[in-house]
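What follows is each chain in one-letter form.
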Amino acid sequence: MDSQGTEGKSSRRLNFGNKYVAIGVMLFLVVACSILYYFAFFKDKTLFGLMKSIMSNLSPFIVGAVLAYLLKPICAVFEKWTGKWFSKMKNRRFARNLSEIISIFITAVLFLMFIYVMLASVIPQVIDSGKMLVDNVQKWYANVIDWLKSITKDTAMQETIDDFAKDGFAKIQEWITKFTEFDSSSFINDVLSGVTVGLKGVITVLKNLLIGGIACLYILAQRKKLSSQGKLIIYSIFKEKWADRIMDELKFIDKMFSGFINGKILDSIIIGIITFIVTSIFKIPYALLISVVVGVTNIIPFFGPFIGGIPSAFIVLMVSPLKCLYFIIIIIAIQQFDGNILGPKILGNATGVSSFWVLFSITFFGGMFGFTGMIIGVPLFAVLYDIIKRLMHRGLVKRNKEQMYEQYEAEQAMEEKAKAEAKERRRLHIKKVNFHKKK
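Bear in mind that the values here come from a model prediction, so they are computed numbers and not experimental data. (Residues numbered from 1 in each chain as written. Predicted model: local features only at pLDDT ≥ 70, side-chain atom pairs only at ≥ 80, totals over all residues. Heavy atoms only, no water.)

A. Seen up close, the packing of helix α9 (residues 287-297) against helix α10 (residues 304-319). Running from N to C, α9 and α10 cross one another at 165°; their axes reach a closest spacing of 7 Å. For the element pair α9 / α10, the angle class is roughly antiparallel. Here α9 and α10 pass one another in a crossing that is right-handed. On α10, the residues touching I290, V293, V294 and T297 of α9 are G304, I307, G308, S312 and V316. Grouping the amino acids of the contact of α9 with α10 by side-chain chemistry returns five nonpolar, four polar and no charged. (Axes fitted to C-alpha atoms, helices over the stretch in contact; angles between N-to-C directions. Helix = DSSP H or I, 4+ residues; strand = E, 2+ residues; numbered from the N terminus. Parallel < 35°, antiparallel > 145°, perpendicular 65-115°, else oblique. Left-handed = near helix turned anticlockwise from the far one by under 90°. Contact = heavy atoms within 4.5 Å. Nonpolar A, V, L, I, M, F, W, Y, C, P; charged D, E, K, R; others polar.)

Pasting the structure below:
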């Protein structure tokens with residue numbers, strides 16, 4: 001009895017102690033994880049260094065995957081055409097392989113030709129423009145000051161502009177003097193170190209582009225096989241219900257990104273060509289350079305016209321304030337055409353994201369990932385928006401509140417219908433007014 005009582009008391013004391021041991025272990029693990037987190041992210045940045053090293057090694061393959069994703073629709077079109085040409089061959093496998101090889105070769109040649117034409121036409125223009133800017137900066141500064149004086153003649157601003165002109169000219173002369181007076185030895189060292197760093201960066205970029213181009217060709221050739229392998233991995237990890245949902249979501253992501261990005265690239269190329277034609281007709285200086293800047297920045301939704309238009313307008317302003325005004329009017333007209341006619345025709349309602357969320361997604365993802373984030377921000381947010389919408393619908397169904405979702409969808413449909421009807425009424429009204437004017 002005594003031994004049993006002693007064992008019972010010891011077991012109770014052991015159980016009582018285990019509770020505090022568990023708490024102590026949990027506290028120790030929390031503190032240890034906090035310390036590891038601090039050293040990994042803030043102190044030695046070991047984890048960041050490891051991630052940076054991994055991303056640096058994977059960057060050529062990321063470049064290749066992005067290029068393959070962008071060139072996939074063009075390659076698919078050529079595969080369709082060449083497949084018809086070789087459809088009568090007896091050896092079906094050989095015909096299919098030959099069709100894929102020819103399609104990939106044509107796609108690669110067209111892409112390289114496009115890059116060559118862009119570089120051959122833009123680089124000389126950029127060099128000439130840079131030389132002209134450096135040679136004529138004082139002259140253009142004087143032209144802008146004279147123009148400001150002419151529009152503020154006989155006003156209180158005249159004296160302020162004179163003071164600003166004198167200070168600005170003095171600073172320009174001081175900068176030129178400092179630039180010409182330098183220590184040759186330190187200058188040579190700086191140049192050599194800069195050239196070394198620059199060459200290293202150029203070699204790294206060329207290496208990534210070369211390996212990325214080769215990876216792009218392999219991915220284009222094996223994209224169907226890679227897609228099947230990915231599908232097998234998903235179904236081997238997840239249950240069939242969840243695997244089906246993941247596949248549906250991946251198809252939606254592919255549709256959203258490919259439709260938006262490829263459509264936006266086509267739209268931007270057309271806008272760049274239109275800008276070049278119109279600016280050439282009006283004899284705007286640096287027409288080719290400005291058209292390339294406007295076309296490239298037009299890929300960015302919402303902010304693109306401002307990002308490309310403002311520096312271009314400033315360059316034109318340095319040459320002629322009057323032509324700068326013409327250029328601003330031209331850019332506004334082209335962007336109105338793009339936003340109301342060309343863009344909707346090419347893209348349609350590709351993302352289904354409202355204007356507010358477009359602004360939010362570009363600002364947020366642009367801050368997170370820079371220029372790339374501004375391009376992919378809208379389709380990426382559209383995917384996240386769709387996932388949240390599905391989760392919300394599922395949660396409402398679980399709580400027997402599906403009627404709330406149905407009511408919301410009905411209200412949105414009515415609002416879209418009212419907008420479409422108002423747009424159609426405006427179109428008919430404009431058409432009717434133009435008809436009466438012609439009569």
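B. Examining a positive patch on the surface more closely. A cluster of basic side chains, namely K239, K241, R245, R394, K398 and R399, defines a positive patch on the protein surface. For the positive patch, the secondary structure elements donating two or more residues are α8 (240-281) and α13 (371-398). Mapped onto the elements of the fold, R394 is located in helix α13. Residue classification places R394 among the partly exposed residues on the basis of a relative accessible area of 33%. (Patch = residues over 30% accessible without salt bridge, like charges linked within 9 Å, V, L, I, M, F, W, Y side chains within 5 Å. Areas by Shrake-Rupley, 256 points an atom, 1.4 Å probe, with all protein chains shown as cover. Salt bridge = Lys/Arg side-chain N within 4 Å of Asp/Glu carboxyl O. Lys, Arg positive; Asp, Glu negative; His and termini not counted. Charge placed at Lys NZ, Arg CZ, Asp CG, Glu CD. Buried < 20%, exposed > 50% of the residue type's maximum accessible area, 1.4 Å probe, protein only.)

C. Here's a closer look at the environment of F252. In this structure, F252 sits in helix α8. In the structure, F252 is positioned 131 residues away from V383 in sequence and 7.7 Å away in space, judged by C-alpha atoms. Setting aside chain neighbours within four positions, we find F252 in contact with A382, V383 and D386.

D. Quick look at the packing of aromatic side chains. Counted by the stated rule, this structure contains five aromatic pairs. Where F78 meets W81, the ring centres are 5.6 Å apart and the plane angle is 90°; that geometry is what we call edge-to-face. Here the residue F78 and the residue W81 both occupy positions in helix α2 (residues 46-85), the gap between them amounting to three residues, near one helical turn. Ring centres of F364 and F365 lie 5.1 Å apart, and the angle between their planes is 80°; this geometry places the pair in the edge-to-face category. Using a relative accessible area of 8% as the deciding quantity, one classes F365 as buried. Taken together, the aromatic side chains of F360, F364, F365, F381 and Y385 make up a single cluster linked through ring pairs. Here the guanidinium or amino end of R245 rests over the ring plane of W242, the centre of that ring lying 4.9 Å away. (Phe/Tyr/Trp six-rings, centres within 6.5 Å; stacked < 30°, edge-to-face > 60°. Lys NZ or Arg CZ within 6 Å of the ring centre and 35° of its normal.)

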